[in-house]
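Listed below are the residues making up each chain.
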Amino acid sequence: PGVFEPVKIGDRHYVDGGVVSPVPVDAARQLGADLVIAVDISSKASGVMPGSMLGIVNQSIAIMGQNLGRQELARADVVIRPQV
């Protein structure tokens, strides 16, 4: 969400889906996928105490994304974790 600006389509505004579903395994299945291959490129929380309010917010978002992503990755058939 901090990278891609919201987009207005019709009367609605859309934001990056990572806000609620960082790895859209369930959406892929709802669209008819028989096999879901997920790629985990999530960033991990650093474990270091942030030195600013922005750092705290960024680390909080990373922790939230890790937890949401972990739950969704568990429902994929195959998970690829490249070194990024």
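Below is a summary of the structure that appears in this document. Keep in mind it's a predicted model, so treat the numbers as computed, not measured.

## Remarks on the overall build of the protein
Next up, step 1: For the protein, the count of helices and strands is two helices and four strands.
Next up, step 2: For 84 residues, the compact-globule formula gives about 12 Å, and the C-alpha radius of gyration of the protein, at 15 Å, lies well above that figure.
Next up, step 3: Once the C-alpha set of the protein is aligned to its principal axes, its extents read approximately 45 × 35 × 20 Å.
Next up, step 4: For the protein, the residues scored as buried account for 15% of the 84 residues in total.
Next up, step 5: Considering only residue pairs separated by 6 or more positions, the protein has 61% of its internal contacts joining residues 24 or more positions apart.
Next up, step 6: When the accessible surface of the protein is totalled, it reaches about 6,600 Å², and 61% of it is carbon and sulfur.
Next up, step 7: In the protein, the 7 positive side-chain charges and the 8 negative ones have mean positions that sit 5 Å from each other.

## A word on the pattern of salt bridges
Opposite charge on two side chains permits them to pair, given that their charged atoms come into close proximity.
Next up, step 1: One pass over the full model with this rule turns up three salt bridges.
Next up, step 2: Between aspartate 26 and arginine 75 there is a salt bridge, and its shortest N-O distance comes to 2.8 Å. Here the residue aspartate 26 occupies a position in helix α1 (residues 25-30), and arginine 75 occupies one in the loop between α2 (53-73) and β4 (78-80), the gap between them amounting to 49 residues.
Next up, step 3: A relative accessible area of 37% means that arginine 75 is categorised as partly exposed.
Next up, step 4: In this structure, arginine 29 engages aspartate 77 in a salt bridge whose closest nitrogen and oxygen atoms are separated by 3.0 Å. Taken as a pair, arginine 29 in helix α1 and aspartate 77 in the loop between α2 and β4 lie far apart in primary sequence, 48 residues in all.
Next up, step 5: When its relative accessible area of 31% is taken as the criterion, arginine 29 is described as partly exposed.
Next up, step 6: Judged by relative accessible area, aspartate 77 falls into the partly exposed class, the value being 41%.

## What about the environment of proline 24?
Next up, step 1: Within the secondary structure, proline 24 sits in the loop between β2 (12-14) and α1.
Next up, step 2: Separated by 46 residues in the primary sequence, proline 24 and arginine 70 place their C-alpha atoms 11 Å from one another.

## Here we look at a nonpolar patch on the surface
Next up, step 1: On the surface, a nonpolar cluster with roughly 680 Å² of combined accessible area is contributed by Leu35, Ile37, Val39, Ile41, Val78, Ile80 and Val84.
Next up, step 2: Counting only elements with at least two residues in the nonpolar patch, the list comes to β3 (37-39) and β4.
Next up, step 3: Among the secondary structure elements, valine 84 is positioned in the segment after β4.
Next up, step 4: Take valine 84: its relative accessible area is 81%, and that puts it in the exposed class.

Thresholds applied
- Every residue gets a number counted from 1 within its own chain, in the order that chain's sequence is written.
- For a predicted model such as this one, the threshold for reporting local features is a pLDDT of at least 70, and the threshold for listing and counting side-chain atom pairs is 80 or more; totals across whole chains, interfaces and linings nevertheless cover every residue.
- Working from all heavy atoms in the structure, the side-chain values ignore hydrogens and water.
- Put simply, DSSP marks the helices as runs of H or I at least four residues long and the strands as runs of E at least two long, and each gets a number from the N terminus on.
- Note that the radius of gyration is over C-alpha atoms, with the globule rule given as 2.2 Å times the number of residues to the power 0.38.
- When a residue's accessible area, from a 1.4 Å probe over protein chains only, is under 20% of the maximum for its type it is buried; when over 50% it is exposed; and in between it is partly exposed.
- Note on contacts: a residue pair is in contact if any heavy atoms of the two residues lie within 4.5 Å.
- Residue-level accessible areas treat just the shown protein chains as cover; the underlying method is Shrake-Rupley with a 1.4 Å probe.
- Residues counted as positive are Lys and Arg, residues counted as negative are Asp and Glu, and His and the chain ends are not counted.
- Charge positions come from single atoms, namely NZ of Lys, CZ of Arg, CG of Asp or CD of Glu.
- For this document, the term salt bridge refers to a Lys or Arg side-chain nitrogen within 4 Å of an Asp or Glu carboxyl oxygen.
- Patch membership requires more than 30% relative accessible area and the absence of a salt bridge. Residues of like charge join within 9 Å; the nonpolar side chains Val, Leu, Ile, Met, Phe, Trp and Tyr join within 5 Å.

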